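A structural walkthrough
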Amino acid sequence: LLLEQPLPSWAGIRHPAPLSFSREILLDNITFKYAQRHSEVLKNLTIRIQRGARVGFIGPTGSGKSTLLDIVMGLLEPNSGRLIIDDLPIDDENRRAWQACLAHVPQSVYLADASIEENIAFGVSPQKIDRARVCQAAKQAQVADTIEALPEKYATLVGERGVRLSGGQRQRIGIARALYKNANVIIFDEATSALDSDTEGAVMQAIEALDPDLTVLIIAHRLTTLRNCDVIYELRGGSVAWCGSYSELEAREAHCNSQHSEVGCTKT
């Protein structure tokens, strides 16, 4: 049974020091499948991501986008190939140290029925929260003005799953949470796909204003979400089908639309 399986050797390491990350993330010839009887989700995939890059990922459902980022986050281990950070392969000995460099903003950010401050410093006991860091993270996430306009400011209770906040406010608090962690890499997994276009624009403004040394990886639902990416990868069938800039993607889409055909067109 699954519950009877032994924990990996790194599971008991509570708070390792973050791994040094100064140059690049290399996904080196990665192949992955979820079970022996299943087909490969990723096939001999190689991608280099420079520190400070804004990188977008698009592709149809099942193309391997989320699996790829799960491998980057050390949540999945490839069947073959390696995840390499600055020439250092990630293994059981340093996986937790690499994960200490990462923050993840999912499509639906979980908020506890606690204060805004506690949700930004999620997992930190109230007595140990760095209030100045909370305020700085909220400012970087473009949500500080909204919080400070509330009667109880950072002590405001958000309600069960953040019911007292709008979708855009919840997402920006999710970004602030990631920034509070002082991560080197932030991963957005369709983090704006459930938002209307105006709210998404506000969230994207927060992402665009982040530290230029911060590496940002984005799986996008809307192509316009990737406007400020340095490079965009399209995955199909577990491989890189195309990569280029946003302007090249726009030109490609315009050409496809002019041909009134979906053959070769990008679909997310």
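Here the structure is shown first, and the text comes after it.
Heads up: these notes are all about the structure in this document. (Residues numbered from 1 in each chain as written. Predicted model: local features only at pLDDT ≥ 70, side-chain atom pairs only at ≥ 80, totals over all residues. Heavy atoms only, no water.)

Side note on the sheet that holds strand β5 (residues 88–89)
- The antiparallel open sheet is built from four strands, whose spatial order is β2-β1-β4-β5. Either end of the sheet is taken by a strand with one partner, and the two such strands are β2 (42–50) and β5.
- The pairing of strand β4 (residues 80–85) with β5 spans two bridges and is classified as antiparallel. Residue pairing for β5: isoleucine 84 is matched across the bridge by proline 89.
- Against the sheet, helix α1 (residues 65–72) touches β1 (24–32), β2 and β4, its axis set at about 125 degrees to β1. (Pairing = 2+ DSSP bridges. Helix = DSSP H or I, 4+ residues; strand = E, 2+ residues; numbered from the N terminus. Contact = heavy atoms within 4.5 Å. Axes fitted to C-alpha atoms, helices over the stretch in contact; angles between N-to-C directions.)

A closer look at the sheet that holds strand β10 (residues 239–244)
- Taking strand neighbours across the sheet as the criterion, the six strands line up as β6-β7-β8-β3-β9-β10 in an open arrangement whose pairing is mixed. On the outer flanks of this sheet lie β6 (102–105) and β10, each paired with one strand and no other. On average, adjacent strands in this sheet sit at an angle of 20 degrees to one another, irrespective of strand direction.
- Helix α8 (residues 246–258) rests against β3 (54–58), β9 (231–236) and β10 of the sheet, and its axis sits at about 105 degrees to β10.

With respect to the pattern of salt bridges
- Counted according to the given criterion, the structure contains eight salt bridges.
- Close ionic contact of glutamate 234 with arginine 236 constitutes a salt bridge, the shortest N to O distance being 2.5 Å.
- One salt-bridge network, held together by shared partners, links Glu77, Asp92 and Arg95. (Salt bridge = Lys/Arg side-chain N within 4 Å of Asp/Glu carboxyl O.)

A closer look at the packing of helix α4 (residues 131–140) against helix α6 (residues 167–180)
- It is at 8 Å that the axes of α4 and α6 come closest, and there the two elements cross at 130 degrees. In terms of their interaxial angle, α4 and α6 are classed as oblique. You can see that α4 and α6 cross each other, and the crossing is right-handed. Contacts from Arg133, Val134, Ala137, Ala138 and Gln140 in α4 reach Ala176, Leu179 and Tyr180 in α6.
- Of the residues assigned to the contact of α4 with α6, the class counts are six nonpolar, one polar and one charged. (Parallel < 35°, antiparallel > 145°, perpendicular 65-115°, else oblique. Left-handed = near helix turned anticlockwise from the far one by under 90°. Nonpolar A, V, L, I, M, F, W, Y, C, P; charged D, E, K, R; others polar.)

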